[in-house]
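Residue-level structure breakdown
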Amino acid sequence: MQSTVVILGTGGTIAAAGGDVGYAAGQLSVAQLLAAVPALSAWPLEAEQVAQLDSKDMSHEVWQRLAQRVVHHLARPEVAGVVVTHGTDTLEETAYFLQRVLAPAKPVVLTAAMRPATSLQADGPQNLLDAVAVAAHPGARGVVAVLQGRVHGPVDVRKREPFALDAFDSGEAGPVALVQDQGLRVLRPWPATPSVGTQALERAVADWPRVGVVASHAGVDGVAVRAMVAAGYQGLVLEGTGNGTVHAALVDAAAEARAAGRVVWRSTRCAGGGVVGQPAGELPSAGVLTPARARIELMLRLMAGEQGEPIAPSAG
Ligand code: ASP
């Protein structure tokens, strides 16, 4: 019977100790986090520490190790699902990475906290309990994020607030489901974004294609783009303004980059939605993807041997 839930700890504020600001992330072990939630003592759980970091410092090495551990545990017949405790800052990037690499049939639930474990407002224990409930739920699958009683899909979830407890949402798409008293109230079809390929599990991280993000803004010049091309970056995502508009100085540098064989996409810095349309002559659009997600997407596609025009995965 599939009933075990494996908790993979990576650090973050959920594992922090200290005041509400200026604390040190990644101090408590995942075993200590579990011990703080008495309701979890009823679940068949296993805990494993994969990393212990502030997620602002997330690395491709940790992503690869995390993905490998997820694969290992999901292959065990007795495991219903995996929970990943994570920092909030890059949670949406890790969720997207894991989904686009693994597209797992069983649930992989990322959760986090906006307050350290020692705060009067500590949100980690409830989020952890909810995440375990989702990971064990027979109706859940794929990579999702569970925060503040909401289940978010890996393409839509965004951290929108730097300090507020209720910091995440799914924009216009809305949450996939609500977690209510450890049950699920499903609100829309469960997301099922496919894998782009599993090369990231095996290929040495040093050999992953280098893809960077450059922001378009008033007064920008092409220095960063040209430097990245010179440094061997294979792909660039321009964080555009509005509907993926890009400063003329960056357009010129991007044209040079493309002539040199680099792939350049444009995205938007707008807090919601994605780039709509692909007018003739414009740089390829990253569609619904945020600049950070577009960077991951382009990196994975290059790793899979794809080039050229982006086809943004359907929202989910
Ligand atoms: N800087 C922390 C992190 O991402 C913030 C948090 O977890 O809320 O690890």
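Everything in this summary refers to the structure shown in the same document.

A few points about the overall build of the protein chain
The secondary structure content of the protein chain amounts to 8 helices and 13 strands. The C-alpha atoms of the protein chain give a radius of gyration of 20 Å, which matches the 20 Å a tight globule of 316 residues would have. Looking at the protein chain as a whole, 53% of its 316 residues qualify as buried. Considering only intrachain contacts with a sequence separation of at least 6, the fraction spanning at least 24 residues in the protein chain is 72%. Per element, the accessible surface of the protein chain, about 12,700 Å² overall, is 54% carbon and sulfur.

As for the site of the ligand
The ligand sits among G12, T13, Y23, D54, S55, G87, T88, D89 and A113. Taking T88, its side chain carries an N or O atom lying 2.5 Å from an oxygen atom of the ligand. In this structure, A113 approaches the ligand through a main-chain N or O atom, which is 3.0 Å from an oxygen atom. Coverage of the ligand by the protein chains reaches 93% of its 260 Å² of free accessible surface. The residue makeup of the shell around the ligand, split by class, is 2 nonpolar, 5 polar and 2 charged.

Examining the pairing of strand β3 (residues 79-85)
A regular strand places its side chains so that they alternate between the two faces of the sheet. For β3, the tally of buried residues reaches 7 of 7 residues, placing the bulk of the element in the interior. With 6 bridges connecting them, strand β1 (residues 4-11) and β3 associate as parallel partners. Bridge pairing in β3 links L8 to V84. The pairing of β3 with strand β4 (residues 107-111) spans 4 bridges and is parallel. Each bridged residue has a counterpart across the sheet, and for V82 the counterpart in β4 is V108. With helix α3 (residues 91-102) bridging β3 and the parallel β4, this β-α-β connection has right-handed handedness.

Things to note about the packing of aromatic side chains
The relative placement of two aromatic rings is captured by the distance of their centres and the angle of their planes. With the rule as written, the count across this model stands at 2 aromatic pairs. Seen from their ring centres, W63 and F97 are 4.6 Å apart, and the 15° between their planes marks the pair as stacked. Highlighted residues: W63 in helix α2 (residues 60-74) and F97 in helix α3, separated in sequence by 34 residues. Both rings, one in F97 and one in W208, keep their centres 5.9 Å apart while their planes meet at 25°; by these two values the pair is stacked. Here F97 is found in helix α3, whereas its partner W208 is found in the loop between α5 (199-202) and β11 (211-215), with 111 residues between them in sequence. Among the residues examined, F97 registers a relative accessible area of 0% and is labelled buried. Clustering of aromatic rings is evident, with ring pairs tying together W63, F97 and W208. We note R115 situated over the ring of F163; from NZ or CZ to the ring centre the distance is 4.0 Å.

With respect to the environment of D57
By secondary structure assignment, the location of D57 is in the loop between β2 (45-53) and α2. Classification of D57 as partly exposed rests on a relative accessible area of 44%. Sequence spacing of D57 and D89 is 32 residues, and the spatial spacing of their C-alpha atoms is 9.3 Å.

The rules we used
Residues numbered from 1 in each chain as written. Predicted model: local features only at pLDDT ≥ 70, side-chain atom pairs only at ≥ 80, totals over all residues. Heavy atoms only, no water. Helix = DSSP H or I, 4+ residues; strand = E, 2+ residues; numbered from the N terminus. Rg over C-alpha atoms; globule rule 2.2 N^0.38 Å. Buried < 20%, exposed > 50% of the residue type's maximum accessible area, 1.4 Å probe, protein only. Contact = heavy atoms within 4.5 Å. Areas by Shrake-Rupley, 256 points an atom, 1.4 Å probe, with all protein chains shown as cover. Near = heavy atom within 4 Å. Polar contact = N/O pair within 3.5 Å; in protein donor to acceptor, adjacent residues only side chain to side chain. Nonpolar A, V, L, I, M, F, W, Y, C, P; charged D, E, K, R; others polar. Pairing = 2+ DSSP bridges. Right-handed = clockwise from strand over helix to strand, strands pointing away. Phe/Tyr/Trp six-rings, centres within 6.5 Å; stacked < 30°, edge-to-face > 60°. Lys NZ or Arg CZ within 6 Å of the ring centre and 35° of its normal.

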